[in-house]
Amino acid sequence: MAELNVEKFYERLNKIHAHFLKHREQIWNGANCVALNRGSSSDDDYRKSNVLHLYLFGYELPDTVLMLTKDGKCTVLATKKKCEFLEQAMGKEPKSGSVKKLELLVKSKADNNASNYETLLKLARGESNGEAVKIGLIKKEFKTDPKDGVVMGWEKKIEEPESNLEVVDCTHGLSMVMAVKEQYELDLIKKSSVLSNKVLKHSFIKDIEDVIENNKTTTHETIAEQINAVIEDPSKINLKVPQDLVQSCYFPIIQSGGDYDFKVSATSNSENVKFDIITVMLGSRYSNYCSNIGRTLLIDPPKQVQQMYDTLLGVHDAALKAMVPGKPLKGVYAAAVKYLRDEGKENLVSSLPKALGFSVGLDFRDGNLLLNAKSTVPFKAGMVFNLAVSFSGLTLSSSARASANDESAVKNLSEYGLVVADMVAITDKGTDIMTKFGRDRGDISYSMLDEDSGDDDEESDEDDADRKLAKKIAKEEADAPSGGRKSSRLAANAASGAADVEGVAERERKQIELMARKNEERLRELARSSRKKGGDEKSKKAEELEAYKSTKNLPDNVLPNQVKVDMANQCVILPICGNPVPFHISTIKNVVLPDPDNAAYLRINFYTGGMAVGKDCPENTSKLVQKYAPYATFIREVTFRSLDSHSLTTAFRQISELRKRARMKEIQDQEEANLVKQDKLVRTKNERVPRLSDLTMRPVFAGRKTQGNLESHTNGLRFISTRGEIVDIMYANVKHAIFQPCENEIMVLIHFHLKNPIMVGKKKQQDIQFFTEVIDASQAVDAGKRSMYDPDEMDDEQRERQLKKRLNEAFKDFARKVETVARKNGYSLEFDIPYRDLAFTGNPHKEMVSIQPTLNCLCNLTETPFFVVDLSDVDHVHFERVTFMSKAFDMVLINKDFTKQPYRIDMIANEEKDSIQEWLTDMEISYTEGPMNLNWKQIMTHVVGDDRFYMDTEEDEVTAKEAGWEFLRMFGKDEADDQEESEEESGYSEQSEEESEEEEDSADEDFDTEEEESDFDGDEDLEEQGMDWEDMEREAAADDRRKKRDGDEDDRPAKRKRRR
């Protein structure tokens, strides 16, 4: 016989009875008692009586009457077998509950239950004294039982005039009681939601992606059947769930091709799936508790559809924010309408459904608790709703259809609909979304465009360009025949060269405008920062040293002629003239113990004024020396001699150890001086935590390889190593998060660049990285030759590719989950992915590495030490060693904080210069270039002391000067403008050979004339040795201007003639 959970039965029965007594007049419609009848029909799983029996008994008991009276008496009329099942609860009524007694009435065939009906009537009337009495029933099910049984006979008895009973509906009261779920129920709904989520992700999405990718033909009904089969048997997607506990809430609804209906009563038709806008709605039951999820897939969506979907997500988020305990259900619909009106899209209000969701539990859709515009029922913690936001009947404009790809099915779409449905639990802190599948447009958008189509277009464009060029050359040949042959290849090269020059000139124009704008912005930034600081910054004063307050505090065991080390007070007590004199350990520069001869010697050197204290000197001691140096007398060194070497050796060892401790303590204090106190990690409870296992962390703890697991919690991430070491990274402290998949590297990694450093072990770190190696970096290569067809090697390569793909997917999925958790808890965290097509090779530290830009950074994350430059901190970029002779150049990235030395990347190949400069221009970062390496320490010292660095005038505000970093330009701003004008005048026009020769001759004559008039002397270069750097720069700029004016090509031959 089945077992009844007696404790749960009475707990829930008492909950119903207590609510009935408290809200009898309003919610229960003034009923004097409640008769909860369960007929024999079992066609509808979601009948209120079915749901109620599952709620109370855990089973359905057909043809059963349960009566509950005001005085706490519960009477059940049923067959003998059912009464035997309920006998388990007899006499076990809890004393604390309002239900005082359970009575069982066994079905009687002798009098056709006449005596039982009379007993129920007496209980229903109570002490009415013949007056009409209201009896609460599930009115929707009243008189609907087709079978003549206990319930039908009882309902007939109620209708008899002499019964004097008035039927009222008690459904709303039952809904209110069952709406607030216990923790046990919430756990079951959570499992049901996870099941729906898994089926959507691993069954529907996988199947539909296969259909889209391979352009298969299938019907909506076929896919729905496949989904339904997976729900009924989750083992098909490798879910270990007992099959008898799961079932489908309804037959899945798949729709596409313009025919959309988002009611739960809709069905999947037998039409073929169209690759335009596909909607899916599916629901599963776990232990009779329901869940539902709905998503829209966009395939090659036009911009109009994308914008509409973003609006739908905005409505969804607005509705979520309105689901707060204490607020009425109708507030959700009002929030959705308000959002549309605020966005200027009030016309979409008519496209919303009448209800944006419903209460879910044992009952799939509770009609008494709808998220419509009328419901005044307040939200309570423990309620669970299916929030289903949709737009239906949307019209796709003709322009949107025209913008779609010619082969896209969207061209045939005139109307469409969008839907997003999620399971939402109400908690004291807000809402908890139980269905985690992504809703963002990037998660549900697909493209069927040919990846090679862009290349084809480019090739066709190139062909058209070649044809136009050939026609142009042929036309010129016909108009002015030269008698010689022209090369189409050379003509094409000339055209491409002209295009490159135009691109460089355009970039240079943009850079001049950008630098002027940046100078103004930096001026405003510096003005704001100076106002905030207000000149209140003061250097930290020197702290006086005090080992002992008086001689009474000296250790008791100090002898007159002995060197004593007090480790506790960090001082050394030296005997001077027979008196113990304490010296703080921070004043001792070093201690020397020479090799003993007849006697042992100990020499102690101190920090003194009038000489360099050295970099190892404590900061406070250095300040004290500077403070007292003008007028104090210092002891430079003391030497002690002893015939007993043991005492001096012991003192030497203790002083050395104390100095070491003091030095380590000072280094640790310096490391922790600028640390910002981090929030305490709030661990996530009652839900699954995103986790990555078997990771290696860099930097490591104490020089050892650090492996462990990374978890994402409410306000941050926690890494726990296998040795129990913990590193917490708060979302609020993450400045940039970078996910770098494994392609050509040996590892896949997640990197965090922090706003404020944190302590890892005993060191301060601003970059934390977690990675997994795809192949062992120290893997030995077999010296023997192997065939390219070696099956073992092919298997190894295949396994490596599969491992790469699996790890990339795992890290990518984890990054998405972390973003979702952070966004859910009010933090902004997005992972960047490096742009590999913009990568270049350079030397930021001591080896050549691949440097890759991201949206916000320039970084190398594979090799250590890490190289991460935040682009928002970069004020300017300068390229050094840019000459025609060198094969590589250096890049200097100047920080906005001029007190910091610039970042350097050396030995970048010349071929990368144009792409890097183009990228910098796109990122609105100014740059300059020059032929030599500069002394940046000296330059930055000069810039820090220049208050008018970003201004274009001197202090008299009249004399013009180069503003900002313009002084680094190889050619000044005026020269660049002159060059642009000359380029515009020339227009890159092609000239005949005769005209070009005439111009060359005239240019030679002009050059010779100017040379004869000048007093040029070949020994003038020797006179420049005495000029300073600024004069040399000025002379070089003048020389460059002269060369530009006279023509570079004729310069060298003329000089050679002159020297002869």
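Notes on the structure in this doc start here. Only a predicted model underlies this, so the values are computations on that prediction, with no experimental measurement involved.

Cut-offs applied
Residues numbered from 1 in each chain as written. Predicted model: local features only at pLDDT ≥ 70, side-chain atom pairs only at ≥ 80, totals over all residues. Heavy atoms only, no water. Helix = DSSP H or I, 4+ residues; strand = E, 2+ residues; numbered from the N terminus. Buried < 20%, exposed > 50% of the residue type's maximum accessible area, 1.4 Å probe, protein only. Contact = heavy atoms within 4.5 Å. Areas by Shrake-Rupley, 256 points an atom, 1.4 Å probe, with all protein chains shown as cover. Pairing = 2+ DSSP bridges. Axes fitted to C-alpha atoms, helices over the stretch in contact; angles between N-to-C directions. Phe/Tyr/Trp six-rings, centres within 6.5 Å; stacked < 30°, edge-to-face > 60°. Lys NZ or Arg CZ within 6 Å of the ring centre and 35° of its normal. Core = buried A, V, L, I, M, F, W, Y, C linked by side-chain atoms within 4.5 Å. Expected span 1.5 Å × (residues − 1). Arc of directions from axis to C-beta.

## What to know about the overall build of the protein chain
So, point 1. Within the protein chain one finds 23 helices and 38 strands.
So, point 2. A burial count over the protein chain gives 43% of its 1060 residues as buried.
So, point 3. Across the protein chain, the fraction of contacts at a sequence separation of at least 24, relative to all contacts at a separation of at least 6, is 65%.
So, point 4. Carbon and sulfur atoms form 47% of the exposed surface of the protein chain, whose accessible area is close to 59,300 Å².

## A short note on the sheet that holds strand S33 (residues 857-860)
So, point 1. Spatially, S31-S32-S33-S34 is the arrangement adopted by the 4 strands of the open sheet, whose pairing is antiparallel. In this open sheet, the two strands that pair with only one neighbour each are strand S31 (840-842) and strand S34 (867-870). Direction aside, neighbouring strands of the sheet carry axes that sit 25° apart on average.
So, point 2. Alignment of S33 against S34, held across 4 bridges, turns out to be antiparallel. For cysteine 857, the partnering residue across the bridge sits in S34 and is aspartate 870.

## Some details on unusual backbone geometry
So, point 1. For the bond from arginine 698 to proline 699, the omega torsion is 0°, close enough to zero to count as cis.
So, point 2. You can see proline 699 is positioned in strand S23 (residues 691-701).
So, point 3. A positive phi angle, close to 55°, is found at asparagine 164, a residue other than glycine.
So, point 4. Examined against the element boundaries, asparagine 164 turns out to sit in the loop between helix H5 (150-159) and strand S6 (165-169).
So, point 5. In this structure, asparagine 238 is a non-glycine residue whose phi angle is positive, near 65°.
So, point 6. Position of asparagine 238 among the secondary structure elements: in the loop between helix H8 (220-232) and strand S7 (246-248).
So, point 7. Given a relative accessible area of 71%, asparagine 238 falls into the exposed group.

## With respect to the packing of aromatic side chains
So, point 1. A complete count under the given rule lists 26 aromatic pairs for this structure.
So, point 2. Ring pairs connect the aromatic residues Phe898, Phe949, Tyr950, Trp965 and Phe967, which therefore count as one cluster.
So, point 3. Over the ring of tyrosine 55 we find arginine 12; its NZ or CZ atom is 4.7 Å from the centre of that ring.

## Remarks on the nonpolar core
So, point 1. Counting 134 residues, the largest nonpolar core has Phe204, Met323, Leu387 and Tyr416 as its most contacted members.
So, point 2. If you tally residues by element for this core, the top one is helix H7 (residues 183-213), at 11 residues.
So, point 3. Phe719, Val734, Ile758 and Phe770 belong to the second largest nonpolar core, which has 32 residues in total.

## Details of H8
Every α-helical turn comprises 3.6 residues, leaving residues that sit three or four positions apart pointing alike.
So, point 1. The end-to-end C-alpha separation of H8 is 18 Å, in line with the 18 Å expected for 13 residues at 1.5 Å each.
So, point 2. Along H8, the residues that are buried comprise His220, Ile223, Ala224, Ile227, Asn228, Val230 and Ile231. End-on, the buried residues of H8 take up no more than an arc of 160°, which puts them together on one face.

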